[in-house]
Every structure is written in C-alpha cells, then in structure tokens.
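Coordinate inspection notes
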2 protein chains.
Amino acid sequence: MAIAEDLAREQRSISVAEFFEKNKHLLGFDSPTRGIITTIKEAVDNALDACEEAEVLPDILVSARRVGGDVYRITVEDNGPGIVPENIPFVFGKLLYGSRFHQIRQSRGQQGIGISAAVLYAQLTTGTPALVISRTGAREKAHRYELMIRTETNEPEVVSHTEIEWDRTHGTRLEIEFKSTLAAKKRLLDYLRLTAIVNPHARITADIDGDVTAFERASDEVPPCPRSILPHPHGIEFGALKRLSDASSGTVEEFLIGSFSRVGKKTAEEIMGLAGLKPSRKAKRLSADELKILLEAMQGVRVPAPPAQQCLSPIGEDLLCRGLEKEIQLDFVRARTRPGAVHGGHSFIIEAAIGYGGNLPAEGSARLFRFANRVPLLYQQGACAITNSVMQVNWKNYGLPQQGLPGGPALIMVHVASTNVPFTSESKDAVASIPEIEREIVLVLQELGRELKAYLSRRERKKQQDDRARAVCSIIPEIAAKVSEIVELPLVDTSPIEGRIMQKVVLKKRTVDGRVTIDLNNYTTKEVALTLYSLSGDEAGDAEPRPDFVDDIGGEYNKVWRCRLGAGEAWRVVYTGAGDGTIDLRGVEDAMRVVVDLDV
Amino acid sequence: MAIAEDLAREQRSISVAEFFEKNKHLLGFDSPTRGIITTIKEAVDNALDACEEAEVLPDILVSARRVGGDVYRITVEDNGPGIVPENIPFVFGKLLYGSRFHQIRQSRGQQGIGISAAVLYAQLTTGTPALVISRTGAREKAHRYELMIRTETNEPEVVSHTEIEWDRTHGTRLEIEFKSTLAAKKRLLDYLRLTAIVNPHARITADIDGDVTAFERASDEVPPCPRSILPHPHGIEFGALKRLSDASSGTVEEFLIGSFSRVGKKTAEEIMGLAGLKPSRKAKRLSADELKILLEAMQGVRVPAPPAQQCLSPIGEDLLCRGLEKEIQLDFVRARTRPGAVHGGHSFIIEAAIGYGGNLPAEGSARLFRFANRVPLLYQQGACAITNSVMQVNWKNYGLPQQGLPGGPALIMVHVASTNVPFTSESKDAVASIPEIEREIVLVLQELGRELKAYLSRRERKKQQDDRARAVCSIIPEIAAKVSEIVELPLVDTSPIEGRIMQKVVLKKRTVDGRVTIDLNNYTTKEVALTLYSLSGDEAGDAEPRPDFVDDIGGEYNKVWRCRLGAGEAWRVVYTGAGDGTIDLRGVEDAMRVVVDLDV
C-alpha cells in the first residue's frame, strides 16, 4: 500500500493547455521557423471560414515583421463578421473552444485548437499577450483585448479590454509576437499562393518583413457555405447513439427520422422492423441492449449516402484546372471530381488534377500538391494518405516513370473535402491512412492517368507522323531539283506538297500578267477559321470574293479576308494588281502553316 | 452584429474526451483491428512503468478472447503496486490524468491518455463499461470498479464499486470489451516479443484467443527506475520560467540553484552577473522584462548537459546484442550507446545495433526495429525520424546496397530514450523529425556502419584466402600421388600440409611398433583451448603427458587431455598401446580442424 500511496501523490489532472505546451510539435510549433507559418495558416483558415459563414468576399491582410532581436510580430486581419466581445477571450485564450467542432459540414477549422495554440506559443516563448481587435458591425464599437492563457487551467486571462475606434466596419485583427525566423519565407509564400488558388474569391495581401505580395481575387462569387447535416445512420457508433437517444423526447420513429440524415418514414419503419421495436416506444426509454439491436438494424438497412453536395464544398474540375494553369505553364491538364463517398460515417469527396509538360522539370519526381478542405498541406508529405495513394498507382501504365512517386514533367493535385478530415495530428499536416479515402484517391488518379496516357499516346503518334513526314519532305526539294535539271525547266515550288505531307495549311500567292491569285489549302485534319491579311499598293477593287474589310493607309491598302475551311478544303481569291507588299495568315499556329509568296 | 451573434451561438467548449472520441485515430484507434494492439500496448506500458516504480519483477498476463460476434474481451493483469481506490476512476476514466506527465524522467507512459482512451473506445463501440480490479497490498482488500467516461465533461462515471477477495496480493487487472478482429495477431505477437527483448526482466504470458505464448524473463534484475530531475537552464522557455519563479519563495540565487539541474553556486553567480541582477532579489518579484534578461543569461552561460544517467534508462549495448541474437540467428552483431544529448532541454540517449547475415533474407530492405523509451514502435515507420535518419546514412559506404533504406541481409535496431520523446501523435507511433535526435541517430549508425564495413572486408579477405588455399590444396594430393608413383613409395598423408595452408588445427595419430603418437598442430592465427578424447582398449598408463582424466568403461578407456595452444604451437602425447578405437577433438569448430587417424 505504501508504494501505491507514494505513486498516488504524483497522480493528477493535466490541463489540455499543459499537454499541448509540452507537446507543441503536435500543433505545428516544433520549431520557431515553422511557428510563423502555423500561426498565419490557423488565422487565415479562421478568416476564410468566418467570411464564408457570413457570405462576405474575404479581404485578408497578413504580415510578419521583425520587431527586434529574433522576435517577430505576426498580424492577420480580415473583414469577416467579427466575434462578439464576450466570446473573444475564449476563441483566442482557450484550447478546445470553437463553433465548428460539433457541426457536420466541411470547414477549415475543426478542432478549436489552432489559433489559441499560437497564443499559447507566443506566451511560452516571449511572455507577450496576444492582441485581438474585433468589430461586429458599423453600429458597434470595436473591442480590443490583450489575452493570455492560464496554462494550468486552460482558461483565458484578460490582461486588458477596451472599446476603441476602428476603420473596419466589421472584421477581426490578431497580433501575436514570438521568437522566430523567416527562414521559411518561400514556403510561407507557397502556402499563400496555393491558398489563393483554391480560394479564388479571396484577396490576400502579404507583407513579409516589408516585401509586399498581393494575391488578387479571381472570382467575385462567394462559394456557398456548406450546411450542417445530421449524422448518417451507417456512421454512428454506440456511444453517440446513446447520447442522441438520451436527449430525444419523441418516439423511436420520430427519433430516427428527426436525428439522422437520409432516414424517412419508410427507412425508419424498416429499421424498427429489423430491430423488432414498436414505433411508439420512447427513444430515451430504450435499454442499452435494445439500443445495440437498434444500432445493428440501422446499419443493416440500405440508406443512401449522406447529402455530400450540401455539407461539402469541392473546388470543382474547372477551377482545379484553371488554378493549376494559373500557377504553372502546362501542355496538358485534366481534373476530376469523384462522387461523394463515406468513411466512418463522414461524407467526403476526392478531387484531383494532373498536369503535364509545359515548364515542369523533366527530371526528378512529379510535383505533388495536397489539399484538405481547401487548405494546402505543407508538411509531412511522406506520412500522408494522399502521397501513399499516389504511390499505389502504377504510373508506368500511364506513361510516367515511377520510383515510389511518379517522375517526369508531371504535377499531381489532390483535394480531400470532408465533414471530418482524419488528420494524423492536430497540426493538420497529413491525412491519415483511411482505406476508403485511399481507395477513392487511387480511383480518381487512375481515371486521370488514363486521360494522361491517351494524351501521351496522341502526342507520341503525332511526333512519329511528323518525323516520318519530315524525313520525306527533306528529300522532295532534292528530287525536284534533279527533275528540273533533267527536264531543263525552272525549279518548281514544292512547299504545297510538303504542306500536304506535313498536314499543314498552305497559303500560296502568285502574280501573272497583272492578276494576283491567292490560294489557301487546308491539308490538316481539322476545320480552321482563317484570316488573311494582304498589305500592298493594290486596291483590289475587283477582288472575288470581296475582302471583308479594306483599310486605306495613305496609298497602301490593308485587305482582310476571313474564311472557314474544313479539312481538305481549298479557297481562292483573284484580283487585278502588281502583287507587291506583304501577306500574312492568322488563325492557325505558326508550326501548322506554310506561306509561299512567289512574287517576292 | 446579427451574423456574429448567430455564429456566437455555435461557439462552445469541447471536452478533451469529445475531441478524442471524434479524432480517435490520433490515439491509435483508427480501426477495430488496431484497437486491440493499442489497448494491450497501453496497458502493458502502464504495468511495466508501475512495476519499475515499485521495483517489482513484472509478471504480466495478456489475453484477447472473442466473447461473441465481433466483440473481443481484452484483459491485462499485472503484479504491480496497484492503484489506491480513490484514484482508480480517474486513472481509467479521465483523459489527461496521470503521474508521469509532470516528471522529467524516462517512462513509457507520458501523457495520461492511453489507457482511458481504450475505455473511451470500448464504450463508444459497445457501450460496455471497463472492469478494473486493483489491490495495493496483502493487508488491503481488492477493489473492483466498473467504469465509464462522461464524454461531455471528461469525468469518470463509476457504474459499480465493490471490495472483493483477489488471489494476487498486489497488482491491477483491466478488462475491456470492444468490437475488433484478430487480423493483426502476428503484429500483436511481434509487439510482445519485441517488448520482452527490451524488458528482459519481465515475464509476459499471452493468451490470444486460446493460443498461449509465454515470454520468459531473461534476467532477474529490476532495472533501476529512472529518477526525476529538475529542468535544465538551457531547455526552459519563458512561460515555464515565469511559472517557476512565481512559485518560488527564495532569492534569485536560491531559485536558480534550487529549481534547475546542473546549476551550482558558481553557475548561479555567473548567470546573475550576466543578467545584471543582485543575488538578493526575490525571484517572484522579478518583472517580465527582468525575467527575459535572466532567461537569456541562463542560456548564455555554459552548463553541463542534464544528468542523463539518472533520468534515463538505456537498454545497453550488451542487452541490445543479446536481444537481437535471441530473436534472430546472425553472423555479426554490434551495438552502440551514444553519450547523453539534449533536444529542447530534454535529455535523450540514442542507442542502436546492427545485425548481419545469419538467416536474414538476402533480398529486399534491411529489417528495421524502432523503440522509444523501451517500447517498440509498430506503425507509421515512414513518418518516423528513425527511418528518416536510417535513410540519410550512405550505406553504400559501409557495404550495403541502398534504395532509401539499406538492403541485404541486415537488421537495424534504434532506441530513443528521453525524458520527453517527441512523438508525431498521441498514438506514439513515430518519433518527430527533431534535428538533434536525427543527428545522433545518424552518428551512431555511422559508427556501427564502420564496424559492419570492417567485418564485411575481413569476411571478404578471408573468403579470398580460403578460395586460394582451397585451390592449392586441391592439387596437393594429386602432386603427392604423382610423386609416390615416380619414387615408388606409399602415398604420404598430405592433410597436415593442407591444414597448414588452410590455417586449421591438425590432429594426427599414428601407431608404430606398439607406440601411439598423437600430434596436435595449431596452424590458425589464434590461441585455442583444446580437449582431446581417445576411446580405446589402451590404458595408456605410461602416457606422457598424463591424461587429465581417464574413465574405465568396462575394458575400454576414455582418456581426456586438455591443452592450450598458441598460434603456430604444437603438442604431442606418446603412450604404449595398440592405437585402435576412436579419437575426437573439441574446442575448435568443425570447419577449422583436420583429424587424421593413420591407424584406421
């Protein structure tokens, strides 16, 4: 007993603030360098979430400035709805406090830990309180708080609180100081750029120690805020079911219909039938054993998947492609959004994009961009289910070399949107290896892989055709020269033949006896819409067909014809003139046209 | 304001139990299969820690049995000091409650989360309370509790509490039921085997659904329980310093000497001089700015590293080698324990071992065993600083192929012992990438790599010599045969020549005219201690030297000589006799000896 009592004297509660102070690396504060990024990320996440909830176009200022020694002041200010004054101390000064934890919908913040962890880190490293200013509307005063966290109790400590004037009509500003470095400045800017890509409705202005970068908004539409849904009958566990039924005041039938998503009268009846329960029983009166039977029945009945469209906010295929193309010049880009799926009762949607070519480096591994609920993931790539899934795909099937990750000039972007993203730690760096999620990622990448393969095959075929044509064309002029020598006639122009072999659009102009003839031949396999420009002293008043437009530039005439030529079709214009000046053809890329002016 | 108020209605506290119920994968309960391993691991960790604290040789029973459907009952029982009855509900029914969180010393449990997480998981999946029996001594009754956790408040709920008779005089038994599978049975046994290796003083008996495996103790010594130390002046941060000084009643000098490890009068004076503080100032009266200056002075002064030997309990080189050899047959094994080092003020020691050859598979990656504070790490190998460090070493320098991890018939074991192991998540699967830790791991592996390289070079040289000798020896008998043919004499025995070339121990017995001569020649490069057995009808009463031992077995005499021969030395015995019977030589492995009995 003596030993047990000795040991008992050491046993006591640990406050969650103490726990995370000691294990701050779990929250992304493992190094001073990283602290800056984590703080900005948590504050920007909150700002974007709040703006979305208030349907405001976000306007976010981010700044990190050295204030002396190795101490930096981090500031994040938004134009969100603001926070009511009574709640400010808790939002910033208490870990595990927030509005989004209990809601079943996609949001960036989920845990109610992030921003107060930054406050905790600041007071741990510099002892400085966090400064918060927030205003909830034009008719309200702004409130200014200096806040700390009482580590032993995880309760906020208000150092000062005043009402002040503020030029924003609504919004929140956080200033925090801690020891740090700007060694990860590039990573910080990467984070902001990626954030801007998947939140095109946000304007983010960053001042990193005097260096200002603005990420302008690309869209003026606020994406709809995902709406909370009820738990799904397939995803609930015994403990949660018991809490829900204890809190219910109705019958089992009312309980099932009212407390779960996708359960109507018919499904409820089916469940009760399977469980052998009378619909008139009061839900809160069910015994533990009856609840177990009810739970099994709920999971034994077919129920549609949760309404993913309502509670999730995927980025969308179009935006994924545009986001990537904005970031990097690419020859090929495709995106896919999968249908909604479920892991442990939580709705999720996987979307992904693949880019290829352009100015991506040909050597080394493909670039991988990971996102979860519209937030870029920057750290712990190796520990992430996204990386794991990318490596599970056999990329050699799709034309990419592979050593673990695929290689070559490729780029892969994966977004996991879920009502509950299972991160591997509170710092939200990596998605945990959940089989359902990995399966969906593999599927979407295989779909995209097939498209990439088709593109690469087309490109390869095209290249082979071109090589062959180029080989043939290179001997045609020599043959022509030999022939003209033998038959003692002037050398003929072989360009049109080359154009035909090379499958290009050929323009040919020739003037004989004061008559100018311009021929267009479309030897490609596609219809082309062409614009022909002829700038010369010829007025071409008798041209047939008539130019669509003639501009007299002081004795010179710029004549413009537009025509549309199907594959294999030809077009001709003839007019009286000297045939001097210049000629140009638009509507087809340079590599696909041959222009032959026999008058020059 | 309206929007902010709408949002405010959703804002509330989240209990730590709610948080971990939703994020149970953070605690290692991401799948039912894994739940069993995590539960047993947490319970065994606690049992080993408690036994160590009470200086008891641990005797631990582990059982996992199916009790119907997919529900398993997990039982872990130990002979530790027991838990005083008042504390039982908190130890098992409240997350973040424990005795080891606030102590600066190596222990398996650190967080006060693990075992209550198992209780939480059980009630979530099956609604069943956990059953705990504990007894603190022979004169006390055992106490039996049925416990649950109130998720909303993270407080224990005692379902029942009785005093009972129990056959153990002290110890604790936990029974828990949840949905699971035994799909990971092999991994579970691996975990227990590895645990037994690094805890050779523990007896662990496992009954996995009727399959009983016993891991007997290999040592009867309880390793000394690491003792708590004071914080180190280099590792403290502002927040913690402020709390300590607030709680101090003495002068700054007394505070420095009494509250920190490795700070004596001289160091304290140096710190105060640097900070410009009078030693007579009261510590609790220091302003925040003075504390900041004091902190800088503390970190600017040279202080020896924390007393690692006192607060840490490394496994030791000998035990590491023996542990590995017990596990796997190896041709080569070496271990190294590094001196103590510091990360963020926390003491740590890295030790590692390398094994090679034996029955390790020649193909594929080397096997990697990871340990932290004497606990094997089973999951998330890819996310672990240990793995990362192993991959940083250039193994090709040391004779192993490498593709990320080293390959070949090799085995690497790394143990991180620390007063605070920085895990990547609460499930304690992987060590976070802390540069100081990775550096030490790389250093110890490089040391071991050099030894491996020396061994492999020796082996290669030896193999070349042997090949050459074998080639020479294979023609000697032929030469001898030719010579005997030419000179028309009987064929001479060439074995001794071969023995000399092959560098072996050669025994040669020959009997001429009733005199038996036995010659021993040590042609190896090492001293050998040999035992010669001759079993025959010869009594050898006149043998010179005398046998060390003669046994008369009904007319047959077993004569035994012992001798020690340096490299190159020879030994001879001569006696009267017929020279029949058998002869044998011990003390040198079969491959290293040649026995030639010319009388046979």
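Let me sum up the structure you'll find in this document. Computed from a predicted structure; not experimentally measured.

Overview of the overall build of chain A
In terms of helices and strands, chain A carries 15 helices and 26 strands. In summary, chain A has a C-alpha radius of gyration of 34 Å against a globular reference of 25 Å for 600 residues, an excess of more than 25%. When the backbone C-alpha atoms are referred to their principal axes, chain A occupies close to 120 × 65 × 50 Å. Per-residue burial for chain A yields a buried fraction of 56% across its 600 residues.

Some thoughts on the pattern of salt bridges
According to the stated counting rule, one finds 84 salt bridges over all chains in the structure shown. Ionic pairing is found between K185 of chain B and D211 of chain B, a salt bridge with its closest N-O pair at 2.7 Å. Pair noted here: K185 of chain B is in helix α6 (residues 185-198) and D211 of chain B is in strand β10 (residues 211-215), with a separation of 26 residues, a long-range link. According to the relative accessible area criterion, D211 of chain B is partly exposed, its value standing at 43%. Here R281 of chain B ties to E290 of chain B by a salt bridge, and the two come within 2.9 Å at their closest N and O atoms. Exposure remark for E290 of chain B: the relative accessible area of 21% places this residue in the partly exposed category. Here the salt bridges do not stand alone but share partners, grouping E317, R334, R336, R338, R439, E440, E447 and E451 of chain A into one network.

Examining unusual backbone geometry
Note the cis peptide between E544 of chain A and P545 of chain A, where omega equals 0 degrees. For P545 of chain A, the position within the fold is in the loop between β21 (528-536) and β22 (549-553). Unusually for a residue other than glycine, L96 of chain B sits at a positive phi of about 65 degrees. One can find L96 of chain B in the loop between α4 (88-93) and β4 (97-98). For L96 of chain B, a relative accessible area of 2% gives the class buried. Unlike most non-glycine residues, D513 of chain B shows phi in positive territory, near 55 degrees. Tracing the backbone shows D513 of chain B in the loop between β19 (505-512) and β20 (515-522). Assessed through its relative accessible area of 76%, D513 of chain B is described here as exposed.

Thoughts on the environment of A122 of chain B
Residues and elements named next belong to chain B. As for its placement among the helices and strands, A122 is situated in helix α5 (residues 114-125). The spatial distance from the C-alpha of A122 to the C-alpha of T387 is 33 Å, given a sequence separation of 265 residues. Once residues within four sequence positions are removed from consideration, A122 is found in contact with G127, T128, I176, E177 and F178.

A few points about the packing of helix α3 (residues 32-54) of chain A against helix α5 (residues 114-125) of chain A
All names here are of chain A. The geometry of α3 relative to α5 is characterised by a closest axis approach of 8 Å and an angle of 145 degrees between their N-to-C directions. Pair α3 / α5 crosses with left-handed handedness. In contact with P32, G35, T39, E42, A43 and N46 of α3, α5 contributes G114, I115, A118 and Y121.

Some details on the sheet that holds strand β26 (residues 593-597) of chain B
Residues and elements named next belong to chain B. Taken in spatial order, the four strands line up as β24-β20-β19-β26 in an open sheet, and their pairing is mixed. Each end of this open sheet is capped by a strand with a single partner; those strands are β24 (570-576) and β26. Taking the axes of each pair of neighbouring strands and ignoring which way they run, one obtains an average angle of 10 degrees across the sheet. Two strands pair when backbone bridges link them, and β19 and β26 are joined in this way by five bridges, in the parallel orientation. Residue pairing in the sheet places K508 in a bridge with V596 of β26.

A word on the relation of the copies chain B and chain A
Mapping chain B onto chain A is achieved by rotating through 180 degrees and translating by 0.2 Å along the same axis, at an RMSD of 0.7 Å. This pairing of chains is accounted for by a two-fold axis. Minimal C-alpha distance to the rotation axis in chain B is attained by A383 of chain B, lying at 2.3 Å. The residues that chain B uses at the interface reappear at the interface of chain A in 99% of cases, marking a shared surface.

Focus: the packing of helix α9 (residues 265-275) of chain B against helix α10 (residues 288-300) of chain B
Residue and element names in this part refer to chain B. Running from amino to carboxyl end, α9 crosses α10 at an angle of 130 degrees, the nearest separation of the two axes being 8 Å. By the criterion of interaxial angle, the relationship of α9 to α10 is oblique. Crossing handedness for the pair α9 and α10: right-handed. Of α10, the residues touching α9 (which contributes I271, L274 and A275) are I293, L294, A297, M298 and G300.

Points about the packing of aromatic side chains
Overall, the coordinates contain 20 aromatic pairs over all chains when judged by the stated rule. Between Y121 of chain A and F178 of chain A the ring centres are 5.1 Å apart and the planes differ by 75 degrees, which places this aromatic pair in the edge-to-face class. Separated by 57 residues along the polypeptide, Y121 of chain A in helix α5 and F178 of chain A in strand β8 (residues 171-179) bring together distant segments of the chain. With relative accessibility at 5%, the residue Y121 of chain A sits in the buried group. Aromatic side chains W561 of chain B and Y575 of chain B sit 6.1 Å apart centroid to centroid with 15 degrees between the ring planes, which places their arrangement in the stacked category. With W561 of chain B in strand β23 (residues 556-565) and Y575 of chain B in strand β24, the pair connects residues that are 14 residues apart, well separated along the chain. The same class applies to W561 of chain B and to Y575 of chain B, which are both buried.

Some thoughts on the environment of E527 of chain A
All names here are of chain A. If you trace the backbone, E527 turns up in the loop between β20 (515-522) and β21. A C-alpha to C-alpha distance of 22 Å links E527 and F332, two positions 195 residues apart in sequence. If we ignore the near neighbours within four places in the chain, the residues touching E527 are N522, R564, L565, G566 and A567.

Topic: the sheet that holds strand β2 (residues 59-68) of chain B
Residues and elements named next belong to chain B. Pairing is mixed in the open sheet, where eight strands are placed in the order β7-β6-β5-β8-β3-β2-β9-β10. The outermost strands of the open sheet, each flanked by one partner alone, are β7 (155-164) and β10. Adjacent strand axes in the sheet meet at a mean angle of 15 degrees, parallel and antiparallel pairs treated alike. Here helix α3 (residues 32-54) sits on the sheet in contact with β2, β3 (71-78) and β8 (171-179), set at roughly 10 degrees to β3.

What to know about the pairing of strand β14 (residues 367-372) of chain A
All names here are of chain A. Across the six residues that make up β14, a large majority, five, are buried. Direction of pairing for β14 relative to strand β18 (residues 410-418): parallel, over a ladder of six bridges. Each residue of the ladder has a partner; that of A372, found in β18, is V416. For β14 and strand β15 (residues 375-377), the ladder comprises three bridges, and the chain directions are antiparallel. Of the residues in β15, the one forming a bridge with R370 is L377.

Side note on the nonpolar core
Core analysis: the biggest nonpolar cluster contains 118 residues, and I36, F92 and I176 of chain A together with I36, F92 and I176 of chain B have the highest contact counts within it. Aside from chain neighbours lying at most four places away, what touches I176 of chain A is T39, Y72, R73, I74, A118, V119, A122 and A130 of chain A. Residues A341, L368, C384 and I412 of chain B belong to the second largest nonpolar core, which totals 78 residues.

Conventions and cut-offs
Residues numbered from 1 in each chain as written. Chains lettered and ligands numbered in written order. Predicted model: local features only at pLDDT ≥ 70, side-chain atom pairs only at ≥ 80, totals over all residues. Heavy atoms only, no water. Helix = DSSP H or I, 4+ residues; strand = E, 2+ residues; numbered from the N terminus. Rg over C-alpha atoms; globule rule 2.2 N^0.38 Å. Buried < 20%, exposed > 50% of the residue type's maximum accessible area, 1.4 Å probe, protein only. Salt bridge = Lys/Arg side-chain N within 4 Å of Asp/Glu carboxyl O. Contact = heavy atoms within 4.5 Å. Axes fitted to C-alpha atoms, helices over the stretch in contact; angles between N-to-C directions. Left-handed = near helix turned anticlockwise from the far one by under 90°. Pairing = 2+ DSSP bridges. Least-squares fit on C-alpha atoms with pLDDT ≥ 70 in both. Parallel < 35°, antiparallel > 145°, perpendicular 65-115°, else oblique. Phe/Tyr/Trp six-rings, centres within 6.5 Å; stacked < 30°, edge-to-face > 60°. Core = buried A, V, L, I, M, F, W, Y, C linked by side-chain atoms within 4.5 Å.

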